[in-house]
Amino acid sequence: MTLTPEQAKKLVGEKAAEFVKDGMIVGLGTGSTAYYTINKLGEMVADGLDIKAIPTSKASEKQAIEVGIPLVGLEFHPVIDITIDGADEIDPDLNLIKGLGGALLREKIVAAVSKQEIIIADERKLVPHLGTRSPLPVEIIPFGLEVCLTKLKPMCKDLKMRMVDTMPFVTDNGNYILDMYFDKIDDPVKLETSLNNIPGVVENGLFIGLATSAIVESEGSIKILQRPT
Ligand code: 5RP
């Protein structure tokens, strides 16, 4: 059975909500797939589920408030039981590219302190190598724009500043995003370190070793992938 993209997002987004239990601190991802998880969790809270949530973006925070999910600050719960989030690419080791939605910085902070990081996606996001389907977003401080453009350009095939019409896209943290294009990323671990060593770079969208499992839609049914040990 072939699902529409929206049906696939709803299927995996709602499936992931089943892993959320009473008493948990829950990281809320960002994007059009995480949207369905947040809506479902709102319904579950209305039916008595007792959770506190930490959103990864202003958009997810607004949606969570609208659907009645109680929120809490990361400063009060620096360890998160479970986070459910989307991704732009997933490799066979469950390493990811994230950030096409622009929320990579908060998403990565939350993922780094989550006991379980469940990724929800449709099968098209599965790739043999990172960098083959999606650009790699890099969040940078506006003051460092020229420096970062100069440093990042020789590291990729193409580099584009993310724009909204004629204005730079500004993240929830007041920063810019540079999208790096590759044929494929040969060594994601090395690239992640190299990027974060550039002054002006705040964070990049490589999520290495952070996802614990992925719930993926394939031909109308669900596959659950575990990170290889
Ligand atoms: C936002 C993200 C999203 O999780 C990623 O872009 C996937 O979004 P979608 O579910 O809309 O495809 O990383 O920063």
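Throughout what follows, the structure given in this document is the object of discussion. Because the structure is a prediction, the values reported are computed rather than measured.

Cut-offs used in this document
- Residues numbered from 1 in each chain as written.
- Predicted model: local features only at pLDDT ≥ 70, side-chain atom pairs only at ≥ 80, totals over all residues.
- Heavy atoms only, no water.
- Helix = DSSP H or I, 4+ residues; strand = E, 2+ residues; numbered from the N terminus.
- Expected span 1.5 Å × (residues − 1).
- Buried < 20%, exposed > 50% of the residue type's maximum accessible area, 1.4 Å probe, protein only.
- Contact = heavy atoms within 4.5 Å.
- Near = heavy atom within 4 Å.
- Polar contact = N/O pair within 3.5 Å; in protein donor to acceptor, adjacent residues only side chain to side chain.
- Areas by Shrake-Rupley, 256 points an atom, 1.4 Å probe, with all protein chains shown as cover.
- Pairing = 2+ DSSP bridges.

Examining helix 2 (residues 34-46)
Here comes step 1: Here helix 2 is 13 residues long and its end C-alpha atoms lie 18 Å apart, about the 18 Å a rise of 1.5 Å per residue gives.
Here comes step 2: Restricting attention to buried positions, one finds in helix 2 the residues Ala34, Tyr36, Thr37, Ile38, Leu41, Gly42 and Val45.
Here comes step 3: Those residues of helix 2 hidden inside the fold are in contact with helix 1 (5-17), strand 1 (25-28), helix 3 (58-67), strand 3 (80-85) and strand 6 (114-122).
Here comes step 4: Where helix 2 ends, the next residue or the one after it, Gly48, has phi of about 115 degrees, a positive value.

Some details on the site of the ligand
Here comes step 1: Near the ligand, the surroundings consist of 17 residues, among which Ser32, Thr33, Asp88, Gly99 and Lys125 are the closest.
Here comes step 2: Within the side chain of Asp88, an N or O atom sits 2.7 Å from an oxygen atom of the ligand.
Here comes step 3: Take Glu107: an N or O atom from its side chain is 3.0 Å from an oxygen atom of the ligand.
Here comes step 4: When the ligand sits alone it has 380 Å² of accessible area, and the protein chains cover 91% of it.

What to know about the pairing of strand 14 (residues 213-218)
Here comes step 1: Here strand 14 lies mainly inside the structure; six of its six residues are buried.
Here comes step 2: For strand 6 and strand 14, the ladder comprises five bridges, and the chain directions are parallel. Along strand 14, the bridge assignment pairs Ile118 with Ser213.
Here comes step 3: Here strand 14 pairs with strand 15 (residues 221-226) via six bridges, running antiparallel. Residue pairing across strands places Val216 opposite Lys223, the latter belonging to strand 15.
Here comes step 4: Turn length for the strand 14-strand 15 hairpin, with the two strands adjacent in sequence and antiparallel, is two residues, and the turn residue Glu219 shows positive phi of about 50 degrees.

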